[in-house]
Amino acid sequence: MPDAVIEPVRRSFAVLEALSRRRTSTLSVLVDETALPRPTVVRLLHTLGALGYAQRVSRQQGYRLTDRVLGLSESIRFVDHLVDAAIPHMRRFTSEHGWPLYLATLSYGAITIRHSTAPESPMSFESAGLNTRRSALVSALGRAWLAFCPEEERRTILRDIGGLTPRQEAALRTALERVRRAGHAFTTPPRPMRIHGMAVPIHSGGRMLGSLSLRFPRSAMTEDEVGQRFGRRLATLARAIANDVEGGRTS
């Protein structure tokens, strides 16, 4: 077993996973499935119960997980909800205008692609890239997120990716202010790239939900042309997605 594995944590997850396989599990079943000593399983069940993640049902039925474990998957369930809300809007845009769109969220300081209409686009020169991670500082999707997220979140993101020098921070503040004025961000690669992106934020109530980008070859359009032709359209699309996300939460 790798040295990085902390044994008490591994045992706790073994019990959680065993509990998740059925509605209720007796102590004997949990001992058999986890291959842990009976006293260890008892202690872990007491701990999970004290934390609100497990509950004893009865002597005959044993133990079950509580609804609190659902909170552990909240971010995953939110991403699914965001993608479901975005798909029809993104599909209509690509069908009407041809260009591929990419939907992303921030995860551990990097932008992660959650959905793309690249497979449906006649003008796509890239794969969908689902679940690939991109730099929050370089990608249009990341810069749109940084420009429109709350200040405290922005500081946390920059800390997670290693921080910036005072000079870099000043340059980034200036760049993000330009993004806020324009309403959209562009890719800023360290070296020339054939494909660039223009991205807008998907936000509601001062909170970022995701970011949305249109990818295009620099040989086809300049940044000014993309901004003029699709800036407002993409912002309108992002607002529609945000409304559907929030509407789904309250319905």
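The preceding data block contains the structure.
A brief structural summary. Here the structure is a predicted model, which is why all the values come from computation and not from measurement.

1. Re the overall build of the chain
Thinking step 1. In terms of helices and strands, the chain carries 8 helices and 8 strands.
Thinking step 2. Compactness check: the chain gives a C-alpha radius of gyration of 23 Å against a globular reference of 18 Å for 251 residues, more than 25% above the reference.
Thinking step 3. If one aligns the C-alpha atoms of the chain with their principal axes, the spans along those axes are about 70 × 45 × 35 Å.
Thinking step 4. Relative to its full complement of 251 residues, the chain shows a buried share of 43%.
Thinking step 5. Carbon and sulfur atoms form 52% of the exposed surface of the chain, whose accessible area is close to 14200 Å².
Thinking step 6. Computed over 36 positive and 23 negative side-chain charges, the separation of the two mean positions in the chain equals 2 Å.

2. Examining the side chain of Ser213
Thinking step 1. Inspection of the secondary structure puts Ser213 in strand S8 (residues 207-217).
Thinking step 2. A residue is classified by how much of its surface remains accessible, and Ser213, at 2% relative accessible area, is buried.
Thinking step 3. In this structure Ser213 touches Pro100, Leu101, Tyr102, Leu141, Met198, Ala199 and Leu234, once residues within four positions along its chain are discounted.

3. Things to note about the pairing of strand S1 (residues 54-58)
Successive residues of a regular strand alternate their side chains across the two faces of the sheet.
Thinking step 1. Across 4 bridges, S1 lies against strand S2 (residues 62-65) in antiparallel orientation. Note that in S2 the partner of Ala54 across the bridge is Leu65.
Thinking step 2. The turn linking S1 back onto S2 is made up of 3 residues.

4. Considering the sheet that holds strand S4 (residues 110-116)
Thinking step 1. A sheet is described by the order of its strands in space; here 6 strands give the open sequence S5-S4-S3-S8-S7-S6, paired in antiparallel fashion. Two strands lie at the open edges of the sheet, namely strand S5 (133-135) and strand S6 (185-186), each paired on one side alone.
Thinking step 2. The pairing of strand S3 (residues 101-107) with S8 spans 4 bridges and is classified as antiparallel. Bridge pairing in S8 places Leu101 opposite Leu214.

5. Describing the packing of helix H5 (residues 140-148) against helix H7 (residues 166-182)
Thinking step 1. Between H5 and H7, the least distance of the axes is 9 Å, while the angle of their chain directions is 90°. Taken together, the axes of H5 and H7 lie roughly perpendicular to each other. Where H5 approaches H7, its residues Arg143, Leu146, Ala147 and Phe148 are matched on the opposing element by Leu172, Ala175, Leu176, Val179 and Arg180.
Thinking step 2. The residue makeup of the contact of H5 with H7, split by class, is 7 nonpolar, no polar and 2 charged.

6. Considering the pattern of salt bridges
Pairing between side chains becomes possible if they bear opposite charge and their charged atoms approach one another.
Thinking step 1. One pass over the structure, following the stated rule, counts 11 salt bridges.
Thinking step 2. For Glu7, the salt bridge goes to Arg10, with nearest N and O atoms at 2.7 Å. With Glu7 and Arg10 both in helix H1 (residues 7-20) and 3 residues apart, the pair spans about one turn of that helix.
Thinking step 3. Judged by relative accessible area, which is 27%, Glu7 ranks as partly exposed.

Parameters at a glance
- Every chain's residues receive numbers from 1 upward, in the order its sequence appears when written.
- Given that this is a predicted model, residues contribute local features only at a pLDDT of at least 70 and side-chain atom pairs are listed and counted only at 80 or more, while totals for whole chains, interfaces and linings are drawn from all residues.
- Hydrogens and water molecules were not included; the side-chain quantities draw on all heavy atoms of the structure.
- What counts as a helix is a DSSP run of H or I of at least four residues, what counts as a strand is a run of E of at least two, and both are numbered from the N terminus.
- This radius of gyration counts C-alpha atoms alone. The globule rule is 2.2 Å times how many residues there are, raised to the power 0.38.
- Here the term buried applies to any residue with accessible area under 20% of the maximum for its type, exposed to any over 50%, and partly exposed to those in between, with areas from a 1.4 Å probe on protein chains only.
- All accessible-area figures derive from a Shrake-Rupley calculation using a 1.4 Å probe, and residue coverage is judged against the displayed protein chains alone.
- The charge count includes Lys and Arg as positive and Asp and Glu as negative, but it does not include His or the ends of the chains.
- By convention, charge coordinates are those of NZ in Lys, CZ in Arg, CG in Asp, or CD in Glu.
- The contact criterion used is simple: two residues touch if any of their non-hydrogen atoms lie within 4.5 Å.
- DSSP bridges decide pairing: two strands pair if at least two such bridges lie between them.
- Between N-to-C directions, angles span 0 to 180 degrees; the directions come from axes that are lines fitted to C-alpha atoms, helices contributing only their stretch in contact.
- By the definition adopted for this analysis, an angle is roughly parallel if under 35 degrees, roughly antiparallel if over 145, roughly perpendicular if from 65 to 115, and oblique otherwise.
- The residue classification treats Ala, Val, Leu, Ile, Met, Phe, Trp, Tyr, Cys and Pro as nonpolar and Asp, Glu, Lys and Arg as charged. All others, Gly included, are polar.
- Whenever Lys or Arg places a side-chain nitrogen within 4 Å of a carboxyl oxygen from Asp or Glu, that contact is recorded as a salt bridge.

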